[in-house]
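Understanding the architecture of this molecule
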Amino acid sequence: MSDWTPADGLPPEVNPPGMEEIEDNPEALDQLLEKLYEERGIDFRNYKRSTMSRRLAKRFRARKVKSYTDYIKLLDKNVEEYETLFDDLTVNETYFFRNQTIFETFQKYLITIIKNCSDDNRPLRIWSAGCSSGEEPYSVAMLVDHCLLEQQKILPEIQIFATDIDQNMLQKAKEGVYPRLAVNGIPTEFLQSYFSLENGNYKITPSLQKQIRFEFHNLAHDPPFENLDIILCRNVIIYFNIGLQMEVLRKFYHGLRDDGLLLLGEYEVAIREGRNLFTNLHFEAKLYRKRQRKQGKSWKKP
Ligand SMILES: C[S@@+](CC[C@H](N)C(=O)[O-])C[C@H]1O[C@@H](n2cnc3c(N)ncnc32)[C@H](O)[C@@H]1O
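Residues numbered from 1 in each chain as written. Predicted model: local features only at pLDDT ≥ 70, side-chain atom pairs only at ≥ 80, totals over all residues.

**Let's talk about the overall build of the protein chain**
Each helix and strand counted, the protein chain has eleven helices and ten strands in total. Taking all 302 residues of the protein chain together, the buried fraction comes to 33%. Sequence separation of at least 24 residues holds for 74% of the intrachain contacts in the protein chain that already meet a minimum separation of 6. (Helix = DSSP H or I, 4+ residues; strand = E, 2+ residues; numbered from the N terminus. Buried ≥ 20, exposed ≤ 12 C-beta atoms within 10 Å, placed from the backbone. Contact = placed C-beta atoms within 7 Å.)

Below is the structure:
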């Protein structure tokens, strides 16, 4: 029986058979991750070892392989295996309005940001980092549009950057077409306003789509976008080791404006070292604000 509680992070994944051998071989795991990076530029070297070995165990089982040596031989003979391994190592699970109560809290803070942008007559700039197949940035775009109408505010421009390392997911996101099951979490009024029905699937309206720039961006290697009002990075850094988490938090700090907000995933926190960079605005919502070095615009709590 697991002792897991929500405070521990993501619920534990069940260890697949073959796990024991993998956990006993940290050096072989390092070598394999190094090989992936050197030969394919796929960099999982600073991801949590426990997640990597669990996911590798799944591949070993699928390919009926019992050792790292055999799996490396298989990779050398079968280049398509790299693709499947990449798919298994990246966790792409996502939903529209994931964790609805968090979105409700987020909306209150979003309204303040929108007001500030509108008062200053400047564009609203948002980054969804690790956007998977696009449900997160589209949810935010719908929410922004809804708030603008409700608050009767006008912005010169809305710029949403949505990035990921998984090209297949980015392609899906760009298409913006989702099956019935995927749109279940969307409020009916949003579904009616922001989607059209095409051959039984739901397609995002072009006016919303054109606010979002989907592109490849690796949080481990690439510089941040700049002058941002909001960064959403949910259910991504939980897979990184502490060193990489800190590196990414530093990038977010530099990417955000002085009054900028950071939204992490339900089970994520800005690690202890990150508290020099961010203050927690709302614990349950995992909403942070960039710490200010000098006096910036005052931030009214909604
Ligand atoms: C579990 S999904 C989260 C999707 C969405 N943010 C959400 O919370 O629903 C994690 C995403 O992070 C992406 N990812 C993993 N490592 C990354 C990296 N180094 N840079 C950018 N994206 C990464 C994965 O490809 C995957 O699509």
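Continuing now.
**Focus: the sheet that holds strand 4 (residues 195–198)**
Strand order across the open sheet formed by three strands is 3-5-4, with antiparallel pairing between neighbours. Each edge of the open sheet carries a strand with a single partner, namely strand 3 (177–178) and strand 4. Here strand 4 runs beside strand 5 (residues 201–204); their pairing, made up of four bridges, is antiparallel. Paired with Leu-197 across the two strands is Tyr-202, which belongs to strand 5. (Pairing = 2+ DSSP bridges.)

**Some thoughts on the site of the ligand**
Every one of the 21 residues lining the ligand counts as a neighbour, but Thr-94, Gly-130, Ser-132, Leu-219 and Arg-234 are closest to it. The residue makeup of the shell around the ligand, split by class, is seven nonpolar, eight polar and six charged. (Near = placed C-beta within 6 Å. Nonpolar A, V, L, I, M, F, W, Y, C, P; charged D, E, K, R; others polar.)

**Re helix 8 (residues 167–175)**
Turning to helix 8, its buried residues are Met-169, Leu-170 and Ala-173. Down the axis, helix 8 shows its buried residues gathered within 100° of arc, on one side only. Residues of helix 8 that are exposed and angled more than 90 degrees away from the buried face: Gln-167 and Gln-171. Packing partners of the buried residues in helix 8 comprise strand 2 (158–164) and strand 6 (212–216). Positive phi appears at Gly-176, one or two residues downstream of helix 8, with a value of about 65°. (Arc of directions from axis to C-beta.)

**Let's talk about the packing of helix 2 (residues 26–40) against helix 3 (residues 49–62)**
The geometry of helix 2 relative to helix 3 is characterised by a closest axis approach of 11 Å and an angle of 80° between their N-to-C directions. By the criterion of interaxial angle, the relationship of helix 2 to helix 3 is roughly perpendicular. Every residue of helix 3 that contacts helix 2 at Pro-26, Leu-29 and Leu-33 is listed here: Arg-49, Met-52 and Ser-53. Its residues assigned to classes, the contact of helix 2 with helix 3 comprises four nonpolar, one polar and one charged. (Axes fitted to C-alpha atoms, helices over the stretch in contact; angles between N-to-C directions. Parallel < 35°, antiparallel > 145°, perpendicular 65-115°, else oblique.)

**A short note on helix 3**
For helix 3, built from 14 residues, the straight-helix expectation of 20 Å at 1.5 Å per residue is met to within 8% by its first-to-last C-alpha distance of 20 Å. One or two residues past the end of helix 3 sits Lys-64, with phi positive at roughly 50°. (Expected span 1.5 Å × (residues − 1).)

**A short note on the nonpolar core**
Ile-231 and Leu-262 are the most contacted members of the largest nonpolar core, which totals 57 residues. No other element matches helix 6 (residues 100–120), which puts seven residues into this core. Look past the residues within four positions of Ile-231 in its chain and what remains in contact with it is Trp-127, Ala-129, Phe-252, Gly-255, Leu-256 and Leu-262. (Core = buried A, V, L, I, M, F, W, Y, C linked by C-beta atoms within 7 Å.)

**Things to note about the environment of Asn-99**
Residue placement: Asn-99 occurs in the loop between helix 5 (80–89) and helix 6. Linking Asn-99 and Gly-265, residues 166 residues apart in sequence, is a C-alpha distance of 9.1 Å.

**Regarding the sheet that holds strand 1 (residues 124–129)**
Neighbouring strands of a sheet are bound in pairs by backbone hydrogen bonds; such pairs are parallel or else antiparallel. Taken in spatial order, the seven strands make up an open sheet running 6-2-1-7-8-10-9, and their pairing is mixed. Each end of this open sheet is capped by a strand with a single partner; those strands are strand 6 and strand 9 (278–282). Neighbour to neighbour, the strand axes of the sheet diverge by 20° on average, direction disregarded. Examined bridge by bridge, strand 7 (residues 228–233) and strand 8 (residues 256–264) share five bridges and lie parallel to one another. Opposite Cys-233, over in strand 8, you have Leu-264 as the bridge partner. Along the sheet, helix 8 contacts strand 2 and strand 6; its crossing angle with strand 6, the most-contacted strand, is approximately 165°.

**Some details on unusual backbone geometry**
Phi angles above zero are rare outside glycine, and Lys-64 is one such case at about 50°. When you line up the elements, Lys-64 lands in the loop between helix 3 and helix 4 (68–77). Despite not being glycine, Phe-97 shows a phi value in the positive range, around 45°. Within the secondary structure, Phe-97 is located in the loop between helix 5 and helix 6.

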